[in-house]
Number of protein chains: 2
Amino acid sequence: MSKPSAVVVDTAKSPQARLHPVPVDAVTLTDKFWEPRRIINREKTLPSQYKHLETTGRLNNFRRVAGTFDGPFEGIYFNDSDVYKWLEAAAWELACGPNKALQAMVDEAIELIADAQQADGYLNTYFMFENAAERWSNLKDKHELYCAGHLIQAAVAHYRATDSEKLLTVARRFANCICATFGPKSQNKREETDGHEEIEMALVELYRATGDERYLKQAQFFIEVRGRGTIGGSNYHQDHEPLREQKRMTGHAVRHVYFCAGGADLVTENGDETMRAALHRLWQNMVHRQMYITGGIGSRYEGEAFGRDFELPNERAYTETCAAIGSVMWNWRMLLLEADAHFADVMELALYNGVMSGISLDGESYFYQNPLFDDGTHRREPWFGCACCPPNIARLLAQLPGYFYAVSDEGIWTNFYAQSTARITLPSGGTVELKQRTKYPFDGDIEIEISALDGVPADCEWTLFLRAPAWCSSFHKPKINGKSADVSKPKTGGVNYLSLRRVWEQGDVVSLSFSMPVRRTEAHPYVAGTNTRVALMRGPLVYCLEGADHRGYDLRDFVLSNRARVECDDRPFLLGGVTVLTSSLECCPLDTDYNDMLYFNQHSRPRKCAPQHVEMIAIPYYAWANRTAGQMQVWIRTR
Amino acid sequence: MSKPSAVVVDTAKSPQARLHPVPVDAVTLTDKFWEPRRIINREKTLPSQYKHLETTGRLNNFRRVAGTFDGPFEGIYFNDSDVYKWLEAAAWELACGPNKALQAMVDEAIELIADAQQADGYLNTYFMFENAAERWSNLKDKHELYCAGHLIQAAVAHYRATDSEKLLTVARRFANCICATFGPKSQNKREETDGHEEIEMALVELYRATGDERYLKQAQFFIEVRGRGTIGGSNYHQDHEPLREQKRMTGHAVRHVYFCAGGADLVTENGDETMRAALHRLWQNMVHRQMYITGGIGSRYEGEAFGRDFELPNERAYTETCAAIGSVMWNWRMLLLEADAHFADVMELALYNGVMSGISLDGESYFYQNPLFDDGTHRREPWFGCACCPPNIARLLAQLPGYFYAVSDEGIWTNFYAQSTARITLPSGGTVELKQRTKYPFDGDIEIEISALDGVPADCEWTLFLRAPAWCSSFHKPKINGKSADVSKPKTGGVNYLSLRRVWEQGDVVSLSFSMPVRRTEAHPYVAGTNTRVALMRGPLVYCLEGADHRGYDLRDFVLSNRARVECDDRPFLLGGVTVLTSSLECCPLDTDYNDMLYFNQHSRPRKCAPQHVEMIAIPYYAWANRTAGQMQVWIRTR
């Protein structure tokens, strides 16, 4: 049975949410794309990450504070957050099913954390002992509230997953310490915030988990004090203007999307219309001006930051894995708030491309940056000194089943497609079992069977909402039991959701067919690096060329003619099972032709050799860098 | 009369140099491009920079050490170098003519420096007093030898310009201290070098100025110890492999070109063929893989560094002004070493474009970065906390006349063209006066008159070498006194120099005509940001579009058709007098057409509106950002 509390974002009572999430364990993925990744996450990724937490001193830092380990603080001052993020991931995995080994690690970590907490609730292993005097002394740079936020999120996850209040109690004590310290000057508190957002989302979730309104107010305080220069006023920290007035995504990318996610949480609770409008404005800027075709964001290496509008270099794309994950988190909250499929579209794009490129197929090495062109030197690593990305991917994969459906008074919302079984409780009562049968994301045919109706009144009419993905420009009307079905518009929200309302019966089967032609995708001409280039897409997947499939060539020499046919080919044994795209490329070895000339008069442009024809094999972008090192290219020259 | 010692790089006795420089004051520029800039340099730039040195505490740091000022060290630990660079600039200006005001500043600065020197010769105002214990403690980061190098260069310049040994004595004492400290372990010395190159060039120059071979050996030691990991082994510091083995320009751009300039100085003295080959290899990599069309280098913001080959983003071009200046310095040394005009071509390109963009037309504000596209927010500033660029431009402009000619046993080499008078002493005896009459760089017609021959034997045959610029693909044979002249090949070196050998007579006039059509220049297709774009060039100048000339338009909406005629138009009152390029551009407002779409299916590409025709005015790149803030674009879309 689903535990009603085990949700990623509990908006069950949030007055402004149009959609309410389903528990993480309400959905069991049985597909060939996500299920293997979830198994690897549980069996390989989380255990191997726990080892890294141990060997890099991250756990010893807690033992040291608790007095059971003698040695210096190890690593970076915000390393506690990696433990908390790992714990959140492990908690969501435990929500989906028992796992003795993982349970033991979780219990050990929680024990260490609880033992390390100070009497006044404060907890940060760097700012104790020799650095105790530095507590809260450098909010701008030192991530104390950021770490606190991740502790709180881990605690809420663990509480929802296990009903245990052990870590939640730790988190509440720390949250109370924070509430007593930070707030309006009029209350004799410190009117400041943290240089790295995270505490905002965490406190709203803590409010949802506990019902204690202090935490919601504290989140609101932290959101509203930002932009007033208390931490220096830089846009790197989003401190240059209040959220309500912001017009563009700017500064450190992870920080800004975390901030917007916190803002969306707040709006979901209090319905602040000015802030809501600001979030939509910022979203428009991100999605239509600053997002890579992979869903990656934050193009600049310098400051791990958003750049100017249309500044999207491919080779030097920073596109931190954590930033794409933060975008998923923000878009998820916007989806719940607005019931608008555009937010799910961005989530899906990021999930299948810019996020999953961040982890190897074996689940044990990671990208911090996710470029769209590479010469073959950028390879995944098993861990980082600043290890924010690895546990962030782990917690996303652990939460993933919770994203597939949502509910509203009208019925059940299907956000994403994958072979799966779901048991979803209708707000009006009763539980519906839905079986999805599909080869998504490699095929757009989907069957959804109402395989059980437990306790749903016999005459109960409810709506099954089906997201129409933005990548699909044409599809047939859905069928119910083989007959074309009437599609109505949802009452509120529901942009780009197909709505099927009726008295559903056990055994009813809905068929969808989202056609998946190969899409030659172009970018706005202001994106300088993509002029006269195409990216190949199919369904939600972005494709790329990789050296391993084109040995002996320089990928930059390839031209994909507009007239060349591009075909699909299933390769069940390649890269965990993929559909590749094939075609015939024209190849002129430019570096030979151009004979060292970097610049030349148009009239003396080198004559190209007669092009060779080379068989193209394009693989999904997420799967690159899992074979021999070699070039990778998303945007292919065309003519 | 020319002071024979007043040269930029004294290779007079260097055994390997094919060319020998002429004194800075041998050439008097009387043209409309450089002369006004040189006057501004003398009258505005140098006095205003001296004020900045004073108000930012840079001079007080010396007074403090000398005991005449009470206060803390101000600014960055390498700020002494700005004083030295300013002093070098001022010294070269004094070499060209008396200037009481400047003389007073120079004398004051030298007094301060001399008073600050420690008894053991050491001199660095940061590493004295409270930081004295840190002396030489962090060679990798703290620039002590870099500052020493600039002191030495300033001293050599001042000595050559004025014959005064006051600063040279200070420099020698410090150099002796350095020689006693650093060297092979076998001599019980520290086998290490500095994180920022500069000392290498400086010590070779000090050897040339003093004849003391210790300094040459010390320079060789510093060059050869780099690449052996003594300062961490990073390519940022060029410490990843020895210069002899290096294949690409990498890491911090200014550091690497300064290093190569030092390497070229060393090869000029010792003829090391392996190092010479490495320098040629590195030069090929820089010029054919990593140089902007403006002559700017170092494309990455991160680390102010060279990127990968062909990584040349336009909007995010870092292209530090100092890096372009460093390229001029290196190329000048290569030109003297090889007598190959390719090096002069790169110097000319950088001088007229990527260097001169670094300073405003009024000579009192500066660019640190020199992008090739901008939205109008990048504006010059009057000074920087890290103020390396302003005095670097000043010393380059002060040295400039010394670059125009060189001499060899065969005769006189004309490297650059500008209206000017030169008095050049032939190695074989006698002095030749050359008058250049030309409107270069806006016109390619040049007359050079042998206006005087003082003491040249009547039957003395000598060669006048004339550089044929690489930008000119066709030109008529030069004429002598109106008659087509026979051009011969120089005996050694002389690639792309026209050589006219004869017994010259007073009044002989050589006429050259380098045709200056507008060149639509393209870049290698591997440079992603320039595909289907052209840059307009004419003569040595790169042109750009600027918002001020196209009000109400977004420059990114412009397309310059391949069929559109581009005309030249002299505008004597615009931007100090320029020839602009005019044409008719097609304009489709893309952001409206594309209606917010960042990515779209090729088949549903937005239909463009019928293009408007807009009058194009392209100005020389160096002159941008001298009017109202607005966009700037070098690479224009074409079709």
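In the block above lies the structure referred to throughout.
Residues numbered from 1 in each chain as written. Chains lettered and ligands numbered in written order. Predicted model: local features only at pLDDT ≥ 70, side-chain atom pairs only at ≥ 80, totals over all residues. Heavy atoms only, no water.

1. Overview of the overall build of chain A
Rules: Where helices and strands are cited, they refer to DSSP runs of H or I of at least four residues and of E of at least two residues respectively, numbered from the N terminus. With C-alpha atoms as the basis for the radius of gyration, the globule rule is written as 2.2 Å multiplied by the number of residues raised to the power 0.38. Exposed residues in this analysis have more than 50% of their type's maximum accessible area, buried residues have under 20%, and partly exposed residues fall in between, with area computed by a 1.4 Å probe over protein chains only. By definition in these notes, contact holds between two residues if any of their heavy atoms fall within 4.5 Å. Working definition of accessibility: Shrake-Rupley area with a 1.4 Å probe, residue cover restricted to the visible protein chains. Charge counting follows a simple rule: Lys and Arg are positive, Asp and Glu are negative, and His as well as the terminal groups are ignored. Note that the charge is assigned to NZ on lysines, CZ on arginines, CG on aspartates and CD on glutamates.
Per the secondary structure count, chain A includes 15 helices and 23 strands. For chain A, the C-alpha radius of gyration of 25 Å lies close to 26 Å, the compact-globule estimate for 639 residues. Within chain A, the fraction of its 639 residues that count as buried is 66%. Contacts spanning at least 24 positions in sequence make up 68% of the contacts within chain A whose residues lie at least 6 apart. When the accessible surface of chain A is summed, it comes to about 21400 Å², and 49% of that surface belongs to carbon and sulfur atoms. Within chain A, the 81 negative side-chain charges are centred at a point lying 3 Å from the centre of the 70 positive side-chain charges.

2. A look at the pairing of strand 13 (residues 509-513) of chain B
Residue and element names in this part refer to chain B. We apply this condition: Strands were regarded as paired on the criterion that DSSP finds at least two bridges between them.
Note that strand 8 (residues 445-454) and strand 13 share five bridges and pair antiparallel. The residue of strand 13 that forms the bridge with Glu-447 is Ser-511. Relative to strand 13, strand 10 (residues 479-480) runs antiparallel, the two sharing two bridges. Across the sheet, Lys-479 pairs through a bridge with Ser-511, a residue of strand 13.

3. What about the pairing of strand 19 (residues 578-587) of chain A?
Residues and elements named next belong to chain A. Of all 10 residues making up strand 19, nine are buried, and the element is well covered by its neighbours. As paired elements, strand 17 (residues 558-560) and strand 19 share two bridges and run antiparallel to each other. Residue Val-559 lies in a different strand from strand 19, and its bridge partner there is Glu-586. Counting the residues in the hairpin turn of strand 18 (residues 567-571) and strand 19 gives six residues, including Leu-575, whose phi is positive at 50°. Pairing between strand 19 and strand 21 (residues 612-620): seven bridges, direction antiparallel. Note that in strand 21 the partner of Cys-587 across the bridge is Gln-612.

4. Structural notes on the nonpolar core
The condition that has to hold: The term nonpolar core refers to a set of buried residues drawn from Ala, Val, Leu, Ile, Met, Phe, Trp, Tyr and Cys, joined through side-chain atoms within 4.5 Å.
With 231 residues, the main nonpolar core has Trp-34, Trp-330 and Trp-462 of chain A as its most contacted residues. Among the elements that make up this core, the one with the highest residue count is helix 12 (residues 321-338) of chain A (12 residues). Among the nonpolar cores identified, the runner-up in size contains 230 residues, and Phe-62, Val-257, Ile-424 and Val-578 of chain B belong to it.

5. Overview of the interface of chain A and chain B
For the record, the criterion: Put simply, buried area is how much 1.4 Å-probe accessible surface two parts lose in total, over both of them, once they are put together. Salt bridge, as applied in this entry: a Lys or Arg side-chain nitrogen positioned within 4 Å of an Asp or Glu carboxyl oxygen. Under the rule applied, a polar contact is a pair of N or O atoms within 3.5 Å (in protein, one hydrogen donor and one hydrogen acceptor; residues adjacent in sequence only if both atoms are side-chain atoms).
Across the contact, 52 residues belong to chain A and 53 residues belong to chain B. Here chain A packs against chain B, burying approximately 4800 Å² in sum over the two surfaces, 46% of which is carbon and sulfur. The interface formed by chain A and chain B holds 12 salt bridges in total. A salt bridge links Asp-375 of chain B to Arg-308 of chain A; the nearest nitrogen and oxygen atoms lie 3.3 Å apart. At the boundary of chain A with chain B, the tally comes to 30 residue pairs in polar contact (both at pLDDT 80 or more). Residue assignment for the side of chain A that touches chain B shows that the elements contributing at least two residues are helix 11 (273-289), strand 14 (518-523), strand 15 (533-538), helix 15 (590-593) and strand 20 (599-601) of chain A. Per-element tally for the side of chain A that touches chain B: the top contributor is strand 14 of chain A, with five residues. Relative to strand 14 (residues 518-523) of chain B, strand 20 of chain A is paired through three bridges, and the arrangement is antiparallel.

6. Concerning the relation of the copies chain A and chain B
Two copies of one chain are present, and they are related through a rotation about an axis combined with an axial shift. Worth spelling out the cut-off: Only residues with pLDDT of at least 70 in both copies count here: their C-alpha atoms drive the least-squares fit that superposes the copies.
Rotating chain A by 180° and translating it 0.1 Å along the rotation axis places it on chain B, where the RMSD comes to 0.0 Å. Both copies are brought into coincidence by an operation consistent with a two-fold rotation axis. It is Gly-529 of chain A whose C-alpha, among those of chain A, lies nearest the rotation axis, at 2.1 Å. A high fraction, 100%, of the interface residues of chain A reappear at the interface in chain B, so the copies pair face to face through one surface.

7. Quick word on the sheet that holds strand 1 (residues 20-21) of chain B
All names here are of chain B. Judged by pairing direction, the sheet is mixed, and its five strands sit side by side in the order 1-4-5-9-12 without closing on themselves. Because the sheet does not close on itself, it has two edges, and the strands there are strand 1 and strand 12 (497-503). Pairing geometry for strand 1 and strand 4 (residues 405-408), over two bridges, is antiparallel. Opposite Pro-21, over in strand 4, you have Ala-406 as the bridge partner.

8. As for unusual backbone geometry
In this chain, Tyr-440 of chain A is followed by Pro-441 of chain A through a cis amide linkage whose omega measures 10°. Unusually for a residue other than glycine, Leu-575 of chain A sits at a positive phi of about 50°. Along the chain, the position of Leu-575 of chain A falls in the loop between strand 18 and strand 19. With a phi angle near 70°, Asp-163 of chain B is a residue other than glycine that sits in the positive phi range. Counting through the fold element by element, Asp-163 of chain B comes out in the loop between helix 6 (144-162) and helix 7 (166-181).

9. Some thoughts on the side chain of Asp-10 of chain B
Residues and elements named next belong to chain B. Mapped onto the fold, Asp-10 is located in the segment before strand 1. Arg-160 provides the closest opposite charge to the buried, unpaired Asp-10, separated from it by 4.3 Å. Looking at Asp-10, its side chain comes within polar contact range of the main-chain nitrogen of Ala-12, at 2.9 Å. Not counting chain neighbours up to four residues away, the residues in contact with Asp-10 comprise Pro-21, Arg-160, Glu-205 and Arg-208.

10. Some words on the sheet that holds strand 5 (residues 411-414) of chain A
Either a parallel or an antiparallel arrangement is found when strands of a sheet pair, and the pairing is made through backbone hydrogen bonds. Residue and element names in this part refer to chain A. How we decide: Between N-to-C directions, angles span 0 to 180 degrees; the directions come from axes that are lines fitted to C-alpha atoms, helices contributing only their stretch in contact.
Spatially, 1-4-5-9-12 is the arrangement adopted by the five strands of the open sheet, whose pairing is mixed. Edge strands, defined here as strands with exactly one partner in the open sheet, are strand 1 (20-21) and strand 12 (497-503). When strand 5 meets strand 9 (residues 461-467), the two strands line up parallel, connected through four bridges. Looking at strand 9, one finds that Gly-411 is bridged to Thr-463. Lying over the sheet, helix 13 (residues 341-355) contacts strand 9 and strand 12, oriented at roughly 45° with respect to strand 9.

11. With respect to the pattern of salt bridges
The final tally for this structure, using the stated rule, is 98 salt bridges over all chains. Glu-567 of chain A is the partner of Arg-565 of chain A in a salt bridge, and the nearest nitrogen-oxygen pair spans 3.0 Å. Judged by its relative accessible area of 63%, Arg-565 of chain A falls in the exposed class. Its relative accessible area of 36% is what places Glu-567 of chain A among the partly exposed residues. Between Asp-265 of chain B and Arg-208 of chain B there is a salt bridge whose closest N-O contact spans 2.9 Å. One end of the pair, Asp-265 of chain B, is in helix 10 (residues 253-270); the other, Arg-208 of chain B, is in helix 8 (residues 199-210), with 57 residues separating them in the sequence. Arg-208 of chain B carries the same exposure label as Asp-265 of chain B, and that label is buried.

12. Regarding the side chain of Thr-294 of chain A
Residue and element names in this part refer to chain A. With respect to the element layout, Thr-294 can be found in the loop between helix 11 and helix 12. A residue is classified by how much of its surface remains accessible, and Thr-294, at 1% relative accessible area, is buried. Within the structure, the side chain of Thr-294 is placed 3.2 Å from the backbone nitrogen of Gly-296, a separation counted as a polar contact. Non-local contacts of Thr-294, meaning those with residues more than four positions away in its chain, are made with Leu-349, Ala-350, Asn-353, Gly-354, Leu-372, Val-542 and Tyr-621.

13. Let's talk about the packing of helix 12 (residues 321-338) of chain B against helix 13 (residues 341-355) of chain B
Residues and elements named next belong to chain B. Put simply, the rule is: To sort the angles, those under 35 degrees are grouped as roughly parallel, those over 145 as roughly antiparallel, those from 65 to 115 as roughly perpendicular, and the leftovers as oblique. Helix crossings fall into two classes, left-handed where the near helix is turned counterclockwise from the far one by less than a right angle and right-handed where it is turned clockwise.
With their axes 8 Å apart at the nearest point, helix 12 and helix 13 run at an angle of 160° to one another. As judged from the angle between their axes, helix 12 and helix 13 are roughly antiparallel. As for how helix 12 packs across helix 13, the hand of that crossing is left-handed. Between helix 12, through Thr-321, Ala-324, Ile-325, Ser-327, Val-328, Asn-331, Trp-332, Met-334, Leu-335 and Glu-338, and helix 13, the contact on the second element is made entirely by Phe-343, Ala-344, Val-346, Met-347, Ala-350, Leu-351, Gly-354 and Val-355.

14. Details of the environment of Arg-208 of chain A
Residues and elements named next belong to chain A. For Arg-208, a relative accessible area of 9% gives the class buried. Taking C-alpha positions, Arg-208 is 28 Å from Arg-228, a pair spaced 20 residues apart along the chain. Excluding residues that lie within four positions of it along the chain, Arg-208 makes contacts with Val-9, Asp-10, Thr-11, Ser-14, Arg-160, Asp-265, Thr-268 and Glu-269. Within polar-contact distance, the side chain of Arg-208 engages the side chain of Glu-269 at 2.7 Å.

15. Describing the state of the cysteines
Quick note on the threshold: Two cysteine sulfurs form what is called a disulfide whenever their separation falls within 2.5 Å.
Evaluation of the coordinates by the stated rule reveals zero disulfides over all chains. For Cys-568 of chain B, which is in no disulfide, the shortest distance to another cysteine sulfur is to Cys-472 of chain B and amounts to 14 Å.

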